[in-house]
Each structure stands twice: as structure tokens, then as C-alpha cells.
Amino acid sequence: MSVTRESMHGQWSTRWAFILAATGSAVGLGNIWKFPYITGENGGGAFVVVYLICIAVIGIPIMMAEVMIGRRGRRSPINTMRALAKEGRHHPNWQWLGWAGVVAGFLILSYYSVIAGWAMAYVFRAGSSAFVGATADGIGTIFSDLISDPERLLAWHTIFMVITMAVVSRGVAKGLEKAVRYLMPALLVLLLLLLGYSMNSGAFAEGVAFMFAPNFSALSWNGVLIAMGHAFFTLSLGMGAIMVYGSYLPSDASIAKTSVIIALADTGVALIAGLAIFPIVFANGLPTGSGPGLIFQTLPLAFGHMPGGTFFGTLFFVLLVFAAWTSAISLIEPAVTWLVETLHMDRIKASVLTGFMAWFIGIGTVFSFNIWANNKVFGMTFFDFLDYLTANIMLPLGGLIIAVFAGWVMVRGTVKDELQIRNPRLFQTWYVLVRYVTPFAVVLVFIFKLRGDI
Ligand code: PFF
């Protein structure tokens, strides 16, 4: 029996609208800013191999599970989990997954917005030709001047958050579809342009070897956990973001196909970003492990030396801000839908409230790059700690619970009915992956990481 419930928050007009919006959520700072720097910090090739395996074996099956749960429930993640648990005569405690997701969303958005603020600041650096002819040292100074100034960071963080709240308050479906349709391909074109520049930088082979020749002795269990955590982060999984988007998906769209398309697009963008960045790193003798500043210290070098660099550089950072923004929207959407549904708050109020909370926590990240740089939580700055906690612990745990919910709690017939995979072998493969392989893999990585710590 198929269920024809509709979400009170609306529905995507077509399956492509969902693919665009979910790709907008998935493709963001995670692909262009985070993937290259964590690859650099964790030794390159072996890290990339583990990340790709995690996308295929854990990411895609869990994305299918999350979209499926969302579409079945057609509510905010908290209420969806509660309703579906009730439907299967299970304990309403499953709704806690939704709550954990809401918290993870706040925490991620709080620092995501600060980094998006860096990209906004760079629109103006690029636009004023600050990178033209600059040396690696000069570019390094531009970056350190920016992050050492809490007032400027706070201002950009605030602007980014206000824009995000403004869009969320108008409802996600409006505008997002169209904007993603044109701006995402434009971002891809600019990344390809950067790739072209890198190919001629003289160190392309070195960059490719760094990214794809695996050296497993360079990878620790902590690195494996980071690679797995990033698979969740980059696909926006484990916190209800994709679940909410799934709740607006028309009933006849194929969840398997759409999930594979989104994962391929997301992974493609990350790999192209890495291939564009590492040759520049090697050609300029920069350290691969320079951390969160990596793209802000390398890409301006390319823009500073290519013809039309001021124009392309400005456009690139505008598009990066846009990509961050389409992801940021999905980070607070679960909380907003819950406030609207359950507390009957109007959407504008709900967006302002959630945005304000994330903005407030974000002040900690702003300070972690300057006045709090030496204040450590578990040996990490506030920013590093939040990133580690959310991406490497909360999202994988959220994903694990989603897999268990889809594989063990929901009735098999319901799951099959909602997924509509016609090929029985394909369905069986997915079912085995979510029931056994993904939960086992996540637990195993946690155990090995903890053993490595002892
Ligand atoms: N996937 C986004 C990125 O790669 O930048 C970040 C993100 C968005 C993570 C939404 C989690 C999420 F729910």
C-alpha cells in the first residue's frame, strides 16, 4: 500500500527539483574548503581511498535510508521518527535522533557561517585585485590579517547568517530550485578553469600522485574516522537535513537513482577541487597540512596569475558563498520545520530564532582563530572541537541510528514499498548494507580509533 501523505511545508515540483536542492545541500564548503585541507592533513591518497569507500558503502545506502524515512514520514525529522516508530509499535524514544540532528545542525551551522564569512571577505579581496601578482607570502598575510581580526570575522559571520535566515524564512522550495540550477553548473565551470590552471602549474603530476597514490602508513585510525565522518558531512547525512528534503519528494521519484546522482555530483566536485588545489600547493612549495586556510592561501595564487584573474576570482568566491548558503539552509531546516509543526510558530520567527542561536554559538568559532587561539578543549581549538564532535562523532552516530531504524525497526514491507526498487537483488543488497554492513563499519571505525588512543 503506498502512502499519499504530503508535507505541510510543501513539495518539490519534480524529482529534479529535489536532486538540485539536495545537491545544493551536499555541495558546499565541505567539498571545496574542507575536503582538500583534511586530505592534506591526513597524508593524501590513502585518506582519499577510505573516503571514497565510505561514500559508496556507507554514504549512498544511508542517504537512501534517510530520504526513504523522510518521504514516508512527510514531517520534520523529530516528528517523522516519532510517527514512524509509533506506526511500527516501537518506543517514541526514536524521536531523539531527530533532536540530536537539530543540535548537530546548530553546531555545524555556527562554524559553517564563520567560514562562509571568510569566502565573503574574499569576494572583495579578489574584486579589488588584491591577489594580482601576489606571492605565496603576500597571500598568506592577507589570510592571517583576516582571521586575526575578530571584529571583521564577526561582521561577515553576521551578514552570512542574516542572509541564510532571510531565505529560510521564505520557505525552502521557492527560489532554491532555480538558483541551484544555474549557479551550481557555473561553480563547476570555474573549478574546471582552476583545474586547467593547475594542469599547467608544473606540479600537476605531483598533485595527482598525492591525491591518488595511497600510502597507508600515512593514515592513522583517527584519519580513517575523519574520512568516514567526512563522507557523512559532505553528503549532509546523519542529522535529518536530507530527511527533511526527502519529506518534500514526490511519491513516484526513484530514491535509489536520485541518491546515486547526488553522491556522484558531490564526490566529483570534491575530487576536482582537490585536483585543482594540490598542484598549486606543490608548485609553490606550500605545506599540504596547513589546515583550514588551505584554499584561501592557494586559490588566490592561481587567480593572481591567470589572465582575467580578478574577474574569475571574484566570481569564484561569489559562487562559493552561494554553495555554502544552499548548504546552510538545509542545516537549520530540520529545526525550523519542527518549530512550525509543533509549536505553530510562523516560519519567519522560527528562522530568526534558529539563526540567532547558531549565530551566537558561532562567536566561539570567531574567537578561536584569534583571542581564544590558545584556549583548548581536549587539545583542540573551539572550532576544531566543534568540527570534530559534529562531523566525526555526531553525524556517524546519527547515520548509524538511521541505518538501524531503516533496517531493523521499520517493517520490511513498508521500506520496500517506499523505496520502490524493482530489481529484487538490488533491494536485497541495499537491505544487507543498511542492516549489517553500515552499522558494523561505523562501530568498527569507532572501536579502532578508541584503541589507537589508548
Ligand atoms: N554537505 C555540506 C558541505 O559539504 O558543505 C555541509 C552540510 C550540510 C553538512 C547539511 C550537514 C548537513 F546536514
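Residues numbered from 1 in each chain as written. Predicted model: local features only at pLDDT ≥ 70, side-chain atom pairs only at ≥ 80, totals over all residues. Heavy atoms only, no water.

### Topic: the overall build of the protein
Here is step 1: Counting secondary structure elements, the protein contains 18 helices and zero strands.
Here is step 2: Against the globule reference of 22 Å for 454 residues, the protein gives a C-alpha radius of gyration of 21 Å, in line with a compact fold.
Here is step 3: The C-alpha extent of the protein, read off along each of the three principal axes, is 65 × 50 × 40 Å.
Here is step 4: Per-residue burial over the protein gives 58% buried out of 454 residues.
Here is step 5: A sequence separation of at least 24 residues applies to 84% of the contacts in the protein between residues at least 6 apart.
Here is step 6: As presented, the protein carries roughly 17300 Å² of accessible surface, and 67% of it is formed by carbon and sulfur atoms.
Here is step 7: Side chains of the protein give 27 positive and 20 negative charges; the mean places of these two sets differ by 12 Å. (Helix = DSSP H or I, 4+ residues; strand = E, 2+ residues; numbered from the N terminus. Rg over C-alpha atoms; globule rule 2.2 N^0.38 Å. Buried < 20%, exposed > 50% of the residue type's maximum accessible area, 1.4 Å probe, protein only. Contact = heavy atoms within 4.5 Å. Areas by Shrake-Rupley, 256 points an atom, 1.4 Å probe, with all protein chains shown as cover. Lys, Arg positive; Asp, Glu negative; His and termini not counted. Charge placed at Lys NZ, Arg CZ, Asp CG, Glu CD.)

### Digging into the site of the ligand
Here is step 1: If you check the shell around the ligand, you find 15 residues, and the closest are Ala26, Gly30, Tyr112, Phe233 and Met239.
Here is step 2: In the model, an oxygen atom of the ligand is placed 2.5 Å from a nitrogen or oxygen of the tyrosine 112 side chain.
Here is step 3: With respect to the ligand, the backbone of threonine 234 contributes an N or O atom lying 3.2 Å from a nitrogen atom.
Here is step 4: When the free accessible area of the ligand is taken as 340 Å², the share hidden by the protein chains comes to 100%.
Here is step 5: Judged by its atoms lying within 2 Å of the grid points, the ligand is housed in the largest cavity.
Here is step 6: Every element with two or more residues in the shell around the ligand is listed here: helix H1 (15–26), helix H2 (29–41), helix H10 (221–234) and helix H14 (309–342).
Here is step 7: Counted by class, the shell around the ligand contains seven nonpolar, eight polar and no charged residues. (Near = heavy atom within 4 Å. Polar contact = N/O pair within 3.5 Å; in protein donor to acceptor, adjacent residues only side chain to side chain. 1 Å grid on protein atoms, 1.4 Å probe; cavity = no way out; pocket = protein on both sides within 12 Å on 5 of 7 lines; lining within 4 Å. Sits in = over half its atoms within 2 Å of the grid points. Nonpolar A, V, L, I, M, F, W, Y, C, P; charged D, E, K, R; others polar.)

### Observations regarding the packing of aromatic side chains
Here is step 1: Scanning the entire structure with this criterion turns up 34 aromatic pairs.
Here is step 2: With a centroid separation of 6.3 Å and an interplanar angle of 50°, the aromatic rings of tyrosine 112 and phenylalanine 233 are classed as tilted. With tyrosine 112 in helix H5 (residues 95–127) and phenylalanine 233 in helix H10, the pair connects residues that are 121 residues apart, well separated along the chain. Take tyrosine 112 and phenylalanine 233: they sit in the same class, and that class is buried.
Here is step 3: Arranged with centres 5.2 Å apart and planes meeting at 40°, the rings of phenylalanine 369 and phenylalanine 383 form a pair that is tilted. Here phenylalanine 369 is found in the loop between helix H15 (347–368) and helix H16 (382–409), whereas its partner phenylalanine 383 is found in helix H16, with 14 residues between them in sequence. Of the two residues examined, phenylalanine 369 and phenylalanine 383, each falls in the buried class.
Here is step 4: Positioned above the aromatic ring of phenylalanine 233 is the side chain of lysine 34, whose terminal nitrogen or guanidinium carbon lies 4.3 Å from the ring centre.
Here is step 5: Between the NZ or CZ atom of arginine 435 and the centre of the ring of tryptophan 408, over which it lies, the distance is 3.8 Å. (Phe/Tyr/Trp six-rings, centres within 6.5 Å; stacked < 30°, edge-to-face > 60°. Lys NZ or Arg CZ within 6 Å of the ring centre and 35° of its normal.)

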